[in-house]
Amino acid sequence: MMLAALMVSCSNGKDDGAAWKPGTGGAAPEVDFDVPDKDGMTVKGVVWDSSTGKAMPDVVVSDGRLCTITDEKGRYWLATDLSTQRFVFVSTPSGYEIPVRKSSYCFNGYETLDLGTEEVQQFDFSLKPVSGASDRYQVLFCGDPQISSNQKGSHAAYEDVVNSLIKYKDETDLPLYIINLGDVTFDDADENAVVKQYLGRIGIPTMNIPGNHDQFCAQNTNYPPIVDESYSPDYRATAYYCRDFGPNNYSVNIGKIHYIFIDNIFWWGNNWAEEKNGFDEEVLSFIENDLRYVDKNTPLMIMTHSPSANDVIGPDFRQWMLNYDKFIDLLAGYDVMNWSGHLHISGHYVYDDDDMAKIGCKALSLESHVVSRCAGALYIDCEITSDGVPRGFIIMDVDGKKTSWTYRRTRIWENGNDQMQIYTPEDTEDGYVYANVFLHDNTWGTPQWYENGELKGQMQLYTEKDPMYQKEYDKYVAAGSPDPNVGKPGPYDTRHLFRIRPSDGCTSGEVRVTDRFGKEWTQTCTW
């Protein structure tokens, strides 16, 4: 046996790689790091448990296209294409901590490959068991932080979210994870370092995915390509993101759920018009290979920036996304939720049998959850998004395979709570009471209107503009702001807005609505 004091993981200059070193804590590895070469294999290594020093068999290791598992001695081999693949990473197994950087708390369970070399490369990984049960935790979903040095108010808006995340962390004893659903910055790669400083302040393990605004085509003269022109436009577009955040496609296991993080923004050319949502062959290969090691009884959470299943655009995405049929085929036999951002609005939808048949989906179940921009509306520097959802984030509570979720806003206004905002006839001047129920989907109950404790009727879905955002937008236009078509900050037809006309002479009441998990939410209002 060779001890790790003699041979350690390659860390490629990261501030905290996987290597064990004397005096750093944990058990000295009792594994053989002298991994023999194999014909056709270009990457190899060992995975071990840092608490026992023992080798870890059956751990999935990937290069973002190919996947394999470690043998009984914790060893792995991959036939990685060293001309194209950037990383090798471990799909963190259940019961182990997600490796994160000490400074930013961002996912760190990867190593960077030396592209272009003909030599076999070795990367070794140590994993630390979680303390306590690993099946009970919460995930905090944040849509499109999108900070930029060129966007007025974007830092202050995200600072508001950061402070709210810190406050929530202090309120709970449960393990927490943050998932940023793309557009971490807004066409401003210099801000990647700023985002990581914010995340370091929060101090919660964080997984990111790239959005379209985290990627730069060759036409963007502010951020010229930092990789050779021989690489594909899609590869070059993600160079800055991958430099600062690591893999753009990867997976982890937390408790009894498998999480897959996918870059579904595809560039086939070098200008702004040559971008499409979807899944290229590399991404499809990764998903297929990754799922070979995931039992069909394991729920899948698939993270993408652009929605890969949603009723906002329409349940059938085949005309919208590259290789959508191939993607859907890979989901057969699984319970699947797709969490995404990109649209800056809130959209939650559960596919029924007819929807599934329409797209040929053979998953056991399919749901879409589009998370609104956490920092509010872009461009007009407003606390609510264009469909009326306030700054904040979604809290997904996980207990084994059981999940539920609620919204957490950064501040509560009059006639509102974390789950809804009520607008009174005094607010709208049209005689109606409105309820914007932020996470409402097709499995929730219909909001009901009560006066003096008596049910007066069901509120009606009203697919129109959120009254408060409409007012904010009108101020933006009246102030001589840019053409409203620039940046498209205009009010969106809200799919979770309800209204009812109260009784004559009524000046107060209560809205009650039951969510998909059986919990009733109530909010009183007066005018």
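This is a predicted model, so every value here is computed, not measured.

Parameters at a glance
Residues numbered from 1 in each chain as written. Predicted model: local features only at pLDDT ≥ 70, side-chain atom pairs only at ≥ 80, totals over all residues. Heavy atoms only, no water. Helix = DSSP H or I, 4+ residues; strand = E, 2+ residues; numbered from the N terminus. Rg over C-alpha atoms; globule rule 2.2 N^0.38 Å. Buried < 20%, exposed > 50% of the residue type's maximum accessible area, 1.4 Å probe, protein only. Contact = heavy atoms within 4.5 Å. Pairing = 2+ DSSP bridges. Axes fitted to C-alpha atoms, helices over the stretch in contact; angles between N-to-C directions. Parallel < 35°, antiparallel > 145°, perpendicular 65-115°, else oblique. Left-handed = near helix turned anticlockwise from the far one by under 90°. Nonpolar A, V, L, I, M, F, W, Y, C, P; charged D, E, K, R; others polar. Phe/Tyr/Trp six-rings, centres within 6.5 Å; stacked < 30°, edge-to-face > 60°. Lys NZ or Arg CZ within 6 Å of the ring centre and 35° of its normal. Core = buried A, V, L, I, M, F, W, Y, C linked by side-chain atoms within 4.5 Å. Arc of directions from axis to C-beta. pLDDT = per-residue confidence, 0-100. Salt bridge = Lys/Arg side-chain N within 4 Å of Asp/Glu carboxyl O.

### Overview of the overall build of the protein
Part 1: Per the secondary structure count, the protein includes 9 helices and 29 strands.
Part 2: Radius of gyration (C-alpha) of the protein: 24 Å, near the 24 Å computed for a compact globule of 527 residues.
Part 3: Principal-axis analysis of the C-alpha atoms places the extent of the protein at approximately 85 × 50 × 45 Å.
Part 4: Here the protein holds 527 residues, and 57% of them are scored as buried.
Part 5: Contacts spanning at least 24 positions in sequence make up 71% of the contacts within the protein whose residues lie at least 6 apart.

### Describing the sheet that holds strand β26 (residues 460-461)
In sheet architecture, strand pairing relies on hydrogen bonds along the backbone and comes in two forms, parallel and antiparallel.
Part 1: An order of β22-β23-β27-β26 is seen for the 4 strands of this open sheet, with the pairing classed as antiparallel. Strand pairing shows two members of the sheet lacking a second neighbour, β22 (420-423) and β26, which therefore form its edges.
Part 2: Here 2 bridges tie β26 to strand β27 (residues 497-500), and the two strands are oriented antiparallel to one another. Bridging from a neighbouring strand, Leu461 pairs with Phe498 of β27.

### Let's talk about helix α5 (residues 281-291)
Part 1: Of all 11 residues making up α5, 8 are buried, and the element is well covered by its neighbours.
Part 2: Every buried residue of α5 is accounted for by Val283, Leu284, Ser285, Phe286, Ile287, Asn289, Asp290 and Leu291.

### Topic: the sheet that holds strand β28 (residues 508-514)
Part 1: Judged by pairing direction, the sheet is antiparallel, and its 4 strands sit side by side in the order β25-β24-β28-β29 without closing on themselves. Bordering the open sheet on either side are β25 (454-458) and β29 (520-526), each of which pairs with just one other strand. Across the sheet, the axes of successive neighbouring strands diverge by a mean angle of 25°, strand direction being ignored.
Part 2: Strand direction decides the pairing type here: strand β24 (residues 448-451) and β25, joined by 4 bridges, are antiparallel. Pairing of Glu451 across the sheet is with Glu454, part of β25.

### Here we look at the packing of helix α1 (residues 154-171) against helix α2 (residues 192-202)
Part 1: Remark: α1 packs on α2, axes separated minimally by 9 Å, with the N-to-C direction vectors making an angle of 25°. With respect to their mutual orientation, α1 and α2 come out roughly parallel. Crossing angle aside, the handedness with which α1 passes α2 is right-handed. Within the contact between the two elements, α1 uses His155, Tyr158, Glu159, Val162, Asn163, Leu165, Ile166 and Lys169 and α2 uses Val194, Tyr198, Leu199, Arg201 and Ile202.
Part 2: Of the residues that constitute the contact of α1 with α2, the class distribution is 8 nonpolar, 2 polar and 3 charged.

### Notes on the packing of aromatic side chains
Part 1: With the rule as written, the count across this model stands at 27 aromatic pairs.
Part 2: Aromatic side chains Tyr137 and Tyr177 sit 5.6 Å apart centroid to centroid with 90° between the ring planes, which places their arrangement in the edge-to-face category. Note that Tyr137 is positioned in strand β9 (residues 136-142) and Tyr177 in strand β10 (residues 176-180), a separation of 40 residues in sequence.
Part 3: Among the aromatic residues, ring-to-ring pairing joins Phe87, Phe107, Tyr110, Tyr250 and Phe261 into one connected group.
Part 4: Over the face of the ring belonging to Tyr235 we find Arg86, whose NZ or CZ atom lies 3.9 Å from the ring centre.
Part 5: Note that Arg499 overlies the ring of Tyr462, its terminal NZ or CZ placed 3.9 Å from the centroid.

### Describing the nonpolar core
Part 1: With 100 residues, the main nonpolar core has Phe141, Tyr259, Met303, Trp339 and Leu366 as its most contacted residues.
Part 2: Looking at this core, the element that brings in the most residues is α1, giving 6 residues.
Part 3: Those residues in contact with Met303 that lie beyond four places of it in its chain are Phe141, Ile179, Leu181, Ile209, Tyr259, Ile260, Phe261, Ile262 and Trp339.
Part 4: Listed in part, the 15 residues of the second largest apolar core include Val61, Leu78, Tyr96 and Phe123.

### Observations concerning α2
Part 1: Within the span of α2, buried status applies to Asn192, Val195, Lys196, Tyr198, Leu199 and Ile202. Projection of α2 onto a plane perpendicular to its axis shows the buried side chains occupying an angular sector of 155°, all on one side.
Part 2: Where α2 is buried, its residues contact α1, β10, β11 (206-208) and α4 (239-245).
Part 3: Trailing α2 by a residue or two, Gly203 shows a phi angle of about 75°, which is positive.

### Points about the confidence of the model for the protein
Part 1: For the protein, the average pLDDT comes to 91, and 91% of its residues sit at 70 or higher.
Part 2: Taken as a whole, residues 1-15 scores under 50 in pLDDT and shows 38 contacts with residues more than four places along the chain or in a different chain.

### Some words on the pairing of strand β18 (residues 347-350)
Successive residues of a regular strand alternate their side chains across the two faces of the sheet.
Part 1: Burial along β18 is two-sided: the face carrying Gly347 and Tyr349 and the face carrying His348 and Val350 are both buried.
Part 2: Of the pairings in the sheet, the one linking β18 to strand β19 (residues 365-370) comprises 4 bridges and is antiparallel in character. What sits directly across from Gly347, in β19, is Val370.

### Structural notes on unusual backbone geometry
Part 1: Of note, the phi angle at Tyr105 is positive, near 65°, even though the residue is not glycine.
Part 2: Looking at Tyr105, the relative accessible area reads 29%, which means it is partly exposed.
Part 3: Of note, Glu429 is a non-glycine position whose phi angle comes to about 60°, a positive value.
Part 4: Summarising the element assignment, Glu429 is placed in the loop between α8 (425-428) and β23 (433-437).
Part 5: Judged by relative accessible area, which is 73%, Glu429 ranks as exposed.

### Examining the environment of Gly182
Part 1: Mapped onto the fold, Gly182 is located in the loop between β10 and α2.
Part 2: In the structure, Gly182 is positioned 54 residues away from Lys128 in sequence and 28 Å away in space, judged by C-alpha atoms.
Part 3: If near-sequence neighbours (up to four positions away) are discounted, Gly182 is found in contact with Asp144, Pro145, Ile209, Pro210, Gly211, Asp214 and His305.

### Observations regarding the pattern of salt bridges
Part 1: Under the criterion given, the structure shown has 19 salt bridges.
Part 2: For Asp244, the salt bridge is made with Arg243, and the minimal N-O distance between the two is 2.9 Å.
Part 3: What makes Arg243 partly exposed here is its relative accessible area of 48%.
Part 4: In this structure, Asp441 and Arg516 form a salt bridge, with 3.3 Å as the shortest nitrogen-oxygen distance. Of this pair, Asp441 sits in the loop between β23 and β24 while Arg516 is found in the loop between β28 and β29, placing the two residues 75 residues apart along the sequence.
Part 5: Classification of Asp441 by relative accessible area gives buried; the value is 5%.
Part 6: Taken together, the shared-partner salt bridges connect Asp160, Glu383, Arg391 and Arg411 into one network.

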